[in-house]
Amino acid sequence: MSDPIRTRHDGGVLEVVIDRPKANAIDLATSRALGLIFRDFRDDPALRVGIVSGAGEKFFCAGWDLKAAASGDAVDGDYGVGGFGGLQELRDLNKPVICAVNGICCGGGLEIALSTDLILAAEHATFALPEIRSGTVADAASIKLPKRIPYHIAMDMLLTGRWLDVHEAHRWGFVNEVLPADRLMERAWELARLLESGPPLVYAAIKEIVREAEGSTFQTAMNKVTKRQFATVDRLYSSEDQLEGARAFAEKRSPIWKGK
């Protein structure tokens, strides 16, 4: 059997491809493998940006592998570091991750997409949370989706399991760009290269502030920023990159980011 996860890195960009025909569904072993990949991505200072996609043209990811579940994989089993799919519970992932949705994105696959920072989608991509039909709950999506799109649209998806085409998903704001299928990965890499050239310490601070502010009041979060109580903010404000940004602006040149 071929490896269910393919990876390649070029410069500071890591591409992760879920490759489990026919539907790129994820069982416990695949989830644990993804967790290790994304953990290593988080911890490797040479890697700055991630891309996650699915193999083939029909499926990004159909989510939880129900055939594996019928064979004994427990729905509350050990998904590994990072939880289901390796991303949605991975602590301190302070690097940008792009999701390139190349087809059907449903259930846990949509939850993986919601765990990334930017979502690009092919024109034929479709989205749904069909867990209601199999007698289970889309747990991560129930927490995240109502915070990302209008409440009533999120509840419609959760309660009915209905499908959204890519244009409706874009209209509600959880897809950034809609692209021809043959342009999807090219655009994902273009965006990854843009982010790779940016300031990694600033990205880290942005991600930590956004993540931690989700459960805080505005003033509480602002106080933590100004008092340098976020580790990423404290590191940024004491960094060479902070000085380099100011110098580059004053000297009217492009900054050279070192990540330190």
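Residues numbered from 1 in each chain as written. Predicted model: local features only at pLDDT ≥ 70, side-chain atom pairs only at ≥ 80, totals over all residues. Heavy atoms only, no water.

Notes on the pattern of salt bridges
With the rule as written, the count across this model stands at 21 salt bridges. With a shortest N-O distance of 3.0 Å, Glu 196 and Arg 193 are connected by a salt bridge. Separated by three residues within a single helix, Glu 196 and Arg 193 lie in helix H7 (residues 184–196), roughly one turn from each other. Assessed through its relative accessible area of 18%, Glu 196 is described here as buried. In this structure Arg 193 comes out as partly exposed when scored by relative accessible area, which is 30%. The partner of Arg 253 in a salt bridge is Glu 251, with the nearest N and O atoms 2.6 Å apart. Take Glu 251: its relative accessible area is 49%, and that puts it in the partly exposed class. The network of salt bridges with common partners includes Glu 177, Arg 183, Glu 186, Arg 187 and Glu 190. (Salt bridge = Lys/Arg side-chain N within 4 Å of Asp/Glu carboxyl O. Helix = DSSP H or I, 4+ residues; strand = E, 2+ residues; numbered from the N terminus. Buried < 20%, exposed > 50% of the residue type's maximum accessible area, 1.4 Å probe, protein only.)

Description of the packing of aromatic side chains
Per the counting criterion, the structure on display carries four aromatic pairs. Between the aromatic rings of Trp 64 and Tyr 79, the centroid separation amounts to 5.7 Å while the plane-to-plane angle is 80°, which identifies the pairing as edge-to-face. Of this pair, Trp 64 sits in the loop between strand E4 (59–61) and helix H2 (66–70) while Tyr 79 sits in the loop between H2 and strand E5 (97–101), and the two are 15 residues apart along the sequence. What makes Tyr 79 buried here is its relative accessible area of 16%. For the pair Trp 64 and Phe 84, a centre-to-centre distance of 6.5 Å together with 65° between the ring planes defines the contact as edge-to-face. Separated by 20 residues along the polypeptide, Trp 64 in the loop between E4 and H2 and Phe 84 in the loop between H2 and E5 bring together distant segments of the chain. By the burial criterion, Trp 64 is buried, and Phe 84 matches it. Above the ring of Trp 172, the side-chain terminus of Arg 171 is found at 5.5 Å from the ring centroid. (Phe/Tyr/Trp six-rings, centres within 6.5 Å; stacked < 30°, edge-to-face > 60°. Lys NZ or Arg CZ within 6 Å of the ring centre and 35° of its normal.)

Re the sheet that holds strand E10 (residues 177–179)
Neighbouring strands of a sheet are bound in pairs by backbone hydrogen bonds; such pairs are parallel or else antiparallel. Across the sheet, six strands lie side by side as E1-E2-E3-E5-E7-E10; this open sheet has mixed pairing. Of all strands in the sheet, those bounded by a partner on one side alone are strand E1 (5–10) and E10. Between one strand and the next, the sheet's axes are offset by a mean angle of 20°, whatever the strand orientation. On top of the sheet, helix H1 (residues 28–43) reaches E1, strand E2 (13–18), strand E3 (49–54) and E5; it is set at about 175° to E2, its chief contact. (Pairing = 2+ DSSP bridges. Axes fitted to C-alpha atoms, helices over the stretch in contact; angles between N-to-C directions. Contact = heavy atoms within 4.5 Å.)

Describing helix H5 (residues 151–160)
Residue pairs spaced three or four apart in an α-helix point in one direction, given the helix's 3.6 residues per turn. If you check which residues of H5 are buried, you get Ile 153, Ala 154, Met 157 and Leu 158. Buried residues of H5 fall within an arc of 130° about the axis and therefore sit on the same side. Residues of H5 that are exposed and point more than 90 degrees away from the buried face comprise His 152 and Leu 159. Of the surrounding secondary structure, the elements contacted by the buried residues of H5 are helix H3 (108–114), strand E8 (126–128), helix H4 (139–148), strand E9 (164–165) and helix H6 (166–172). (Arc of directions from axis to C-beta.)

Overview of the sheet that holds strand E6 (residues 104–106)
An order of E4-E6-E8-E9 is seen for the four strands of this open sheet, with the pairing classed as mixed. Sheet topology places E4 and E9 at the edges, where each strand pairs with a single neighbour. Across three bridges, the pairing between E6 and E8 is parallel. Residue pairing for E8: Cys 106 is matched across the bridge by Ala 128.

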